[in-house]
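Structure at a glance
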Amino acid sequence: MTKKKAHKPGSATIAMNKRARHEYFIEDEIEAGLALQGWEVKSMRAGKANITDSYVTFRDGEAFLFGATIQPLNVASSHIVCDPTRTRKLLLKKRELETLFGKVSRDGYTVVALSMYWKNAWSKVKIGLAKGKKEHDKRDDIKDREWKVDKARIMKNANR
């Protein structure tokens with residue numbers, strides 16, 4: 001039998017989009033692979049990725065991650081032109097692509113990037129099928145979050 005590799009210490013998360021959960025109701029989450037160039041992988045290992053304003057577009061039956069920024073390292077290869085905001089292809093199964101495309105075109109959903117992380121040696125993006133929140137929905141979420149904090153504080157002091 002082969003021995004399993006020990007998990008390396010540290011976080012596998014490269015970048016998170018915290019604003020997405022504030023701006024959208026996330027209905028479904030899907031894991032997708034990324035088609036990357038070599039310099040992008042090196043930059044992601046150094047933690048120079050940002051997916052705050054990124055979303056997914058569909059062209060010719062394929063999905064692309066638009067708006068993600070991966071800053072090139074200054075020691076990257078000089079014979080390659082590095083474009084930090086290029087559109088990157090997402091690697092999804094055909095059924096997942098069809099489901100996402102159908103929901104976006106018919107039901108008015110949008111697809112946003114939630115997080116970027118390492119899974120073994122592969123770079124993955126968690127994308128979410130989302131519907132936009134109205135202003136009052138955002139206020140309700142903030143009110144609920146603050147009530148949870150207050151409730152925990154009250155319960156902690158009540159047990160004394």
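To be clear, the structure that these remarks concern was listed above.
Heads up: these notes are all about the structure in this document. These numbers come from a predicted model, not from an experiment.

Observations concerning the environment of Thr99
- Turning to its location among the elements, Thr99 is positioned in helix H3 (residues 94–107).
- In the structure, Thr99 is positioned 58 residues away from Asn157 in sequence and 49 Å away in space, judged by C-alpha atoms.
- Looking at Thr99, its side chain comes within polar contact range of the main-chain oxygen of Arg95, at 2.8 Å.

Remarks on the pairing of strand S5 (residues 62–66)
- Pairing between strand S4 (residues 55–59) and S5: five bridges, direction antiparallel. Bridge pairing links Thr57 to Phe64 in S5.
- The turn linking S4 back onto S5 is made up of two residues, and Asp60 within it adopts a positive phi angle of 55°.
- Across two bridges, the pairing between S5 and strand S7 (residues 88–91) is antiparallel. Residue pairing for S7: Leu65 is matched across the bridge by Arg88.

Observations concerning the pairing of S7
- Burial of S7 is one-sided: the residues Arg88 and Leu90 facing one way are buried, the residues Lys89 and Leu91 facing the other way are not.
- Relative to S7, strand S2 (residues 24–34) is paired through two bridges, and the arrangement is antiparallel. The residue bridging Gly33 from the neighbouring strand is Leu91, located in S7.

Examining the nonpolar core
- Grouped together as the largest cluster of nonpolar side chains are 27 residues, with contacts concentrated most on Val56, Leu65, Leu90, Leu92, Leu100, Met116 and Ile127.
- The set of elements that each furnish at least two residues to this core consists of strand S1 (13–16), S2, helix H2 (38–45), S4, S5, H3, strand S8 (110–119) and strand S9 (122–132).
- With four residues, the single largest contributor to this core is S8.
- For Val56, the contacting residues outside a window of four places in its chain are Ala63, Phe64, Leu65, Leu90, Val111 and Ile127.

Some thoughts on the side chain of Ser123
- With respect to the secondary-structure elements, Ser123 resides in strand S9.
- In this structure, Ser123 is in contact with Ala32, Gly33, Leu34, Leu36, Met44, Met116, Tyr117 and Trp118, ignoring residues within four places of it in sequence.

As for the packing of aromatic side chains
- Evaluation of the coordinates by the stated rule reveals two aromatic pairs.
- Arranged with centres 5.3 Å apart and planes meeting at 55°, the rings of Tyr55 and Phe66 form a pair that is tilted. In this pair, Tyr55 is assigned in strand S4 and Phe66 in strand S5, connecting sequence segments 11 residues apart.
- For Phe66, a relative accessible area of 37% puts it in the partly exposed group.
- Each ring, one from Phe58 and one from Phe101, has its centre 5.7 Å from the other, and the planes form 75°; the classification is edge-to-face. With Phe58 in strand S4 and Phe101 in helix H3, this pair connects stretches of sequence that are 43 residues apart.
- A cation sits over an aromatic face here: Arg59 above Phe64, 4.5 Å from the ring centre.

What counts and how
Residues numbered from 1 in each chain as written. Predicted model: local features only at pLDDT ≥ 70, side-chain atom pairs only at ≥ 80, totals over all residues. Heavy atoms only, no water. Helix = DSSP H or I, 4+ residues; strand = E, 2+ residues; numbered from the N terminus. Polar contact = N/O pair within 3.5 Å; in protein donor to acceptor, adjacent residues only side chain to side chain. Pairing = 2+ DSSP bridges. Buried < 20%, exposed > 50% of the residue type's maximum accessible area, 1.4 Å probe, protein only. Core = buried A, V, L, I, M, F, W, Y, C linked by side-chain atoms within 4.5 Å. Contact = heavy atoms within 4.5 Å. Phe/Tyr/Trp six-rings, centres within 6.5 Å; stacked < 30°, edge-to-face > 60°. Lys NZ or Arg CZ within 6 Å of the ring centre and 35° of its normal.

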